[in-house]
Amino acid sequence: MAQQRLALWNAEEDLEEDVDMTIALDGYGQNVQYEDSHIHQPQIDESTLLAMQQHMAQQAAFQQIPDVVKSFIVHFHQAVLDNNLAEITVAYESGWNKYTEKFYSKTEWPEAELIAPLVNDDPIFLILYRELYYRHVYSRLQPNIDDRFHSYENSCELFNYLLNSDGPVELELPEQWLWDIIDEFIYQYQVFCTWRSKVTTKTPDELLMLAEGGPVWSSYSVLNVLYSLMQKSRVNEYIIAQREGKSAEEIAEIVGEYGQRPLYRMLGYFSIIGLLRVHVHLGDFTLGLKVMENVELNQKTPFTRVTACHVATYYYVGFCYIMLRRYPDAIRTFVTILNFIMRMRQYHTRSYQYDQINKTADRMYALFAMCHALSPSRLDDNIANIAKERYGEQYAKMARGGSDALAAFEELFIYACPKFITANPPPYEDPVAINALISSSADAESPTQSSPQADSTHRHLDLFLADVAAQLQVPTLRSFLKLYTSLGAKKLANFLDADEEELVQEMMVLKQASRSISRVTGSEGTSLLDGQMITTSDLNFVIDENMVHIAESTIGRRYAGWFIKNTERTQKILDDLKNMPLPVPPKTSGGTASGVNSQQQAEAVAGQNRPARSGQKVVWGGVKTA
């Protein structure tokens, strides 16, 4: 059996040696290429693949959002849906800033597309959320060109919703948020114009996007939004009707369905302030005050309920008065708001806009110092002392006049003036022109000085310094005139090292500098441009036959009135104290109190109401002394 198996095995070996296995297996698995062309692959285009990848990235990003932030967004959305102003105010002023500091101080908030499932894809809330999102990017981070374009598109969506809906929208927002919407809209416009004017810093992609951008952040579109909000709310008609004392029914008929809504009314008020700001940035100071002709600068005006708006209004109005050479009105405007800031400092220290308010106040102190040097006034010594403490060196130079004064005026003006912008953008749509502009800027020694932004600021600075330069000799001339009641023109010219003709010209400049248009007492309710010509100096003079006659009319402090008023107050306090009864001491267990028996106490109390007899003196509490 074994032999048979062995033979069989040997026979198999012989068979393996005689048979060609490559022929038997037909070349299977050897040098054969696998053809997969007959298998149909799934057809996935590039857009679908990108969408899937984006969806997966969004899911991963959504998981990264903290749970407390998700809960906050859901709560915020519900408050907006319910028009719950109290909850919206807390979420806007407290919650948003709290979570910004905790989670997003150096990064962006989640994009609107990420949080859309949390708010059921509510388009209105997502617009409001994007408004907060881009504001955070502008304030804490560095916006890129996509952020600048998308923030403009979101602003257009918001204002289209408010202005072009079928009737007034069912939306209520806090006044602070409404002001911030207008304020941020103008700020982003200003920042974009500044960024757009710097041609040499643009990349090729940015140049292409700006060439194809069209009217993005154009001055016309910004002004159109503000004027449309003002006209839709009919806020000017509302102000005039209130001033005339019309009834609520008459006012409702005048302003229409839009003007009756607090949302549109406050947007109308804030749009007026926004127009003032835009016109100042564009350099049209007269039109800026013209827009404000129906708004009264007092504590009863609705915009004063928002501190940031209140401060900004007075700042821009005061600056308009400076550029129109109405220094007394500018001083009065700055004194009013700076006193308000000092009184309210303890109340708005916790406001998230506290730093911005303080920066604006510092600029107004600088502007006040400039006005005080050009037109000395004793309207408020407290504000003047603070301005001298903060800008003492510059104020001393400006008050003395001379060659050093111009540098001090220029320094304070550059620091305190608004950020002027140029309405016309560079010609990005013309490649030839833009390349020539880039080449000329590159060849210039100081490209920043040749930018439209710098040119607009220095253009207004030159106009201001031209007026200041004409008055540089006024302080010196005033110091000599105060020493005399009359003196010869030739003698005065010798003091000033000038000839007589130049002296007469400088005295005419002094005469002109001491006269200004100003709003007088009782001009409330009139336009901010209205006023009367007044004399702002306490020094007057007449030139008659080469003789200068000086009349100084110094108005001293009214100490008598101050002492009389405070004496009357003191007398009233003393009378009130005399008429007050003595405090009744608590009774002790023995029936006496503090060593005084009940009979003596009763006599003392009864003696309070008896008139004093001759020879007796009545002191505090009615106790008689000999």
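As a reminder, the structure under discussion sits directly above these lines.
Residues numbered from 1 in each chain as written. Predicted model: local features only at pLDDT ≥ 70, side-chain atom pairs only at ≥ 80, totals over all residues. Heavy atoms only, no water.

Student: Help me understand the overall build of the protein in this model?
Tutor: Along the protein, the regular secondary structure elements total 28 helices and 7 strands. The buried share of the protein, reckoned over its 626 residues, is 41%. When the accessible surface of the protein is split by element, carbon and sulfur atoms take 53% of a total near 35,900 Å². (Helix = DSSP H or I, 4+ residues; strand = E, 2+ residues; numbered from the N terminus. Buried < 20%, exposed > 50% of the residue type's maximum accessible area, 1.4 Å probe, protein only. Areas by Shrake-Rupley, 256 points an atom, 1.4 Å probe, with all protein chains shown as cover.)

Student: I would appreciate a short explanation of a negative patch on the surface in the present structure.
Tutor: Negative charge collects at one region of the surface, where Asp 499, Glu 500, Glu 501 and Glu 502 lie side by side. Inspection of the secondary structure assignment puts Asp 499 in the loop between α25 (489-495) and α26 (500-513). (Patch = residues over 30% accessible without salt bridge, like charges linked within 9 Å, V, L, I, M, F, W, Y side chains within 5 Å. Salt bridge = Lys/Arg side-chain N within 4 Å of Asp/Glu carboxyl O. Lys, Arg positive; Asp, Glu negative; His and termini not counted. Charge placed at Lys NZ, Arg CZ, Asp CG, Glu CD.)

Student: Sorry, what's going on with the pattern of salt bridges here?
Tutor: Side chains that differ in charge, positive against negative, can pair when their charged atoms come close. With the rule as written, the count across this model stands at 16 salt bridges. Measuring nitrogen to oxygen at the nearest pair gives 2.7 Å for the salt bridge that ties Arg 332 to Asp 329. Of the two residues, Arg 332 and Asp 329 are both situated in helix α17 (residues 327-344); the distance of 3 residues between them amounts to about one turn of the helix. Residue class for Arg 332 comes out partly exposed when judged on its relative accessible area of 34%. One continuous salt-bridge network, built from bridges that share partners, spans Glu 131, Arg 135 and Asp 180.

Student: Hey, could you run me through the side chain of His 372 in this one?
Tutor: By the secondary structure assignment, His 372 is in helix α18 (residues 354-374). Here the side chain of His 372 touches Tyr 395 through a polar contact of 2.7 Å, side chain to side chain. Once residues within four sequence positions are removed from consideration, His 372 is found in contact with Ile 331, Ser 377, Ala 384 and Tyr 395. (Polar contact = N/O pair within 3.5 Å; in protein donor to acceptor, adjacent residues only side chain to side chain. Contact = heavy atoms within 4.5 Å.)

Student: Could you clarify how one ought to interpret the packing of α17 against α18 in this entry?
Tutor: How two helices pack is summed up by the angle between their axes together with the distance between the axes. Relative orientation of the contacting elements α17 and α18 amounts to 145°, with a least axis distance of 9 Å. Viewed along their axes, α17 and α18 form a crossing whose handedness is left-handed. Residues Tyr 327, Ala 330, Ile 331, Phe 334, Val 335, Ile 337, Leu 338, Ile 341 and Met 342 of α17 pack against Ile 357, Ala 361, Met 364, Tyr 365, Leu 367, Phe 368, Cys 371, His 372 and Leu 374 of α18. Across the contact of α17 with α18, the residue classes break down as 17 nonpolar, 1 polar and no charged. (Axes fitted to C-alpha atoms, helices over the stretch in contact; angles between N-to-C directions. Left-handed = near helix turned anticlockwise from the far one by under 90°. Nonpolar A, V, L, I, M, F, W, Y, C, P; charged D, E, K, R; others polar.)

Student: When you look at the packing of aromatic side chains in this model, what are you seeing that I'm missing?
Tutor: The description of an aromatic ring pair rests on the distance of the ring centres and on the angle between the ring planes. Applying the stated criterion across every chain, the model contains 28 aromatic pairs. Between Phe 192 and Trp 195 the ring centres are 5.7 Å apart and the planes differ by 45°, which places this aromatic pair in the tilted class. Here Phe 192 and its partner Trp 195 are both found in helix α9 (residues 175-197), 3 residues apart, which amounts to about one turn of the helix. Trp 195 matches Phe 192 in its accessibility class, with the two residues each being buried. On the numbers, 5.0 Å between centres and 85° between planes, the contact of Tyr 258 with Tyr 264 is edge-to-face. A relative accessible area of 11% places Tyr 258 in the buried class. Following the ring pairs from residue to residue traces out a cluster consisting of Phe 72, Phe 76, Tyr 92, Trp 96, Tyr 99, Phe 103, Tyr 104, Trp 109, Phe 125, Tyr 129 and Trp 177. Looking at Lys 70, its charged tip hangs above the ring of Phe 62, at a distance of 4.1 Å from the centre. The side chain of Arg 265 reaches across the aromatic face of Tyr 238, ending 4.3 Å from its centre. (Phe/Tyr/Trp six-rings, centres within 6.5 Å; stacked < 30°, edge-to-face > 60°. Lys NZ or Arg CZ within 6 Å of the ring centre and 35° of its normal.)

Student: Which parts of the structure should I look at to understand helix α16 (residues 307-323)?
Tutor: Because an α-helix completes one turn every 3.6 residues, residues spaced three or four positions apart along the sequence face the same direction. In this model, α16 (17 residues) spans 25 Å end to end at C-alpha, consistent with the 24 Å of a helix rising 1.5 Å per residue. Within α16, 16 of the 17 residues are buried, which leaves it mostly tucked inside the rest of the structure. Positive phi shows up at Arg 325, right after α16, with a value of about 65°. (Expected span 1.5 Å × (residues − 1).)

Student: Where do I start with a nonpolar patch on the surface in this structure?
Tutor: Side chains of Val 504, Met 508 and Ile 543 sit close together on the surface and give an oily, nonpolar patch of about 230 Å² of accessible area. Tracing the backbone through its elements, the reader meets Met 508 in helix α26.

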